[in-house]
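Here's the letter readout for the chains.
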Amino acid sequence: MKYTQLGRTGLKVSRLVLGTMNFGPQTDEADSHAIMDAALASGINYFDTANVYGWGENKGRTEEIIGNWFARGGERRDKVVLATKVYGNMAADGDAWPNHDKLSALNIRRAVDASLKRLQTDYIDVYQFHHVDRSTPFDEIWQAIDVLVQQGKILYVGSSNFPGYKIAQANEAAARRGGTIGLVSEQCLYNLAERRAEMEVIPAAQEYGLGVIPWSPLHGGLLGGVIRKEVEGGRRASGRASDSLADTSIRAQIQSYEDLLDKHGIEPGEAALAWLLTRPGVTGPIVGPRTAQQLDSALRAVELELSQELLSALDEIFPGPGPSPEAFAW
């Protein structure tokens, strides 16, 4: 495994991030524990989750599965850089109550204590804002975070799904307060098929020293050899991939992508991850394996070297927006 610093911090994290969103809804606890053991054995030390994972009536279940894994000992907690998120309403569906969501000081205080209990730990390494809260000022948010840092409950703070201007607002507010390190990472939707983050989000993250953590690196399976799987195994695409393939121009684009990688003898999903590892500002993509086999495929991507010829060909198939702001200003 290869490691890098998380943004401008001294924290060393693996270049693959283990995403746990499938733990509970799609992967049972025993298999989830086996995947986490395999990830740790491979050198992956950065685990990402969120308080709402488990979804519906099972919100919090994913954190509980991770907490039970920590409780098995073996220095599991000590070896892991643990990241979770706050924003979503944790009340049972239909039972939402005021101040049980978003980023008010009250909800942050409530949510972090609940996550710590489910995770069976006394601190969170990277506490992330899952979404922008347009109704809560950053001064209030940072005041709540400062208290949690002083209490030793969290160490660093990251954002998720923030536009570039909110990254700037958040860190400028932190700088005005003094003594607050501000955001150190940003999780954003970013992959070969979805490169809009290059326009504002990634430049802002680089300017303020945030590590970029792409989520959905295979764009819901679209970049994982979806057409070949249809032909060879009769596996129909679903979700984002299915919606995208309904567009004939996108289907042709994905066919070109798969044909290119077949020519080079590279698995599409591994190439998509390896491409992200070449991108400026990217710390590491989040991989969310449902099985041990999917984890093995992700691990191979770390060692995969993409030639300049192949990178140029990928740019031709999936052109990005270009440098910011030149691409849209001149």
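Here is a short report on the structure shown in this document. Because the structure is a prediction, the values reported are computed rather than measured. (Residues numbered from 1 in each chain as written. Predicted model: local features only at pLDDT ≥ 70, side-chain atom pairs only at ≥ 80, totals over all residues. Heavy atoms only, no water.)

1. Some points on the pairing of strand S8 (residues 183-189)
For clarity, the cut-off: Throughout, exposure labels follow a simple rule: accessible area from a 1.4 Å probe, protein chains only, divided by the maximum for the residue type, with under 20% read as buried, over 50% as exposed, and the rest as partly exposed. Strands are runs of DSSP state E lasting at least two residues, helices are runs of H or I lasting at least four, and both sets are numbered from the N terminus onward. At least two DSSP bridges between two strands are required for those strands to pair. For a crossover, the right-handed case is the one in which the path from the first strand over the helix to the second runs clockwise, viewed with the strands pointing away from the viewer.
Burial of S8 is extensive: 6 of the 7 residues sit out of reach of the surface. In this structure, strand S7 (residues 154-160) lies alongside S8, joined through 4 bridges in parallel fashion. Considered in S8, the bridge of Ser159 is made with Glu186. At this point the chain moves from S7, through helix H6 (residues 164-177), to the parallel S8, and the crossover so formed is right-handed. Relative to strand S9 (residues 211-215), S8 runs parallel, the two sharing 5 bridges. Bridge pairing links Cys188 to Pro214 in S9. Read from S8 through helix H7 (residues 201-208) to S9, the crossover connection turns out right-handed.

2. Let's talk about the packing of aromatic side chains
Heads up, the condition is: Each Phe, Tyr or Trp ring (for Trp, its six-membered ring) is paired with any other whose centre lies within 6.5 Å, and the angle between the two planes then decides the class: stacked below 30 degrees, edge-to-face above 60, tilted in between. For a lysine, the NZ atom is tested; for an arginine, the CZ atom; a charge sits over a ring if that atom is within 6 Å of the ring centre and within 35 degrees of the ring normal.
Tallying each qualifying case throughout the model produces 6 aromatic pairs. Measuring from centroid to centroid gives 5.4 Å for Tyr53 and Trp55, while their planes differ by 45°, and the two rings are tilted. Relative to Phe70, the ring of Trp69 has its centre 5.6 Å away and its plane inclined at 45°; by these criteria the two rings are tilted. Under the relative-accessibility criterion, Phe70 is labelled buried at 6%. Ring pairs connect the aromatic residues Phe47, Trp69 and Phe70, which therefore count as one cluster. One residue, Arg77, lies across the ring of Phe70, its end atom 5.4 Å from the ring centre. Across from the ring centre of Tyr123, 4.1 Å away, lies the NZ or CZ of Arg77, which sits over that ring.

3. Some details on the pairing of S7
Across the 7 residues that make up S7, a large majority, 6, are buried. With 5 bridges connecting them, strand S6 (residues 124-129) and S7 associate as parallel partners. From the neighbouring strand, Tyr127 faces S7, where its bridge partner is Val157. On the question of chirality, the crossover connecting S6 to the parallel S7 by way of helix H5 (residues 138-150) is right-handed.

4. Quick look at the packing of helix H8 (residues 226-233) against helix H10 (residues 248-264)
For clarity, the cut-off: Here, axes are lines fitted to C-alpha atoms. For helices the fit covers the stretch in contact, and angles between N-to-C directions go from 0 to 180 degrees. Orientation is classified from the angle alone, with under 35 degrees giving roughly parallel, over 145 giving roughly antiparallel, 65 to 115 giving roughly perpendicular, and any other angle giving oblique. Working rule for contacts: check all heavy atoms of both residues, and any pair within 4.5 Å makes them a contact. We call Asp, Glu, Lys and Arg charged. Ala, Val, Leu, Ile, Met, Phe, Trp, Tyr, Cys and Pro are nonpolar, and the rest, Gly among them, are polar.
H10 packs onto H8 with a crossing angle of 85° between their chain directions and a minimal axis gap of 8 Å. Relative to H10, the element H8 lies roughly perpendicular. Residues Val226, Ile227, Arg228 and Glu230 of H8 lie in contact with H10, whose contacting residues are Arg251, Ile254, Gln255 and Glu258. Across the contact of H8 with H10, the residue classes break down as 3 nonpolar, 1 polar and 4 charged.

5. Overview of the nonpolar core
Test applied: Buried Ala, Val, Leu, Ile, Met, Phe, Trp, Tyr and Cys residues that are joined via side-chain atoms within 4.5 Å together make up what is termed a nonpolar core.
Of all hydrophobic cores here, the largest spans 82 residues; its most connected members are Tyr127, Phe129, Trp142, Ile145 and Tyr257. Ignoring any residue separated from it by four or fewer positions in sequence, one finds Trp142 in contact with Phe129, Val157, Ala170, Asn171, Ala173, Ala174, Arg177, Thr180, Gly182 and Leu183. In terms of nonpolar packing, the next biggest core, distinct from the first, is built from 12 residues, Leu6, Leu11, Tyr46 and Val184 among them.

6. So, the environment of His100
You can see His100 is positioned in the loop between strand S5 (81-86) and helix H4 (105-119). When neighbours within four sequence positions are excluded, His100 is seen to be in contact with Gly88, Asn89, Met90, Ala91, Asn107 and Arg110.

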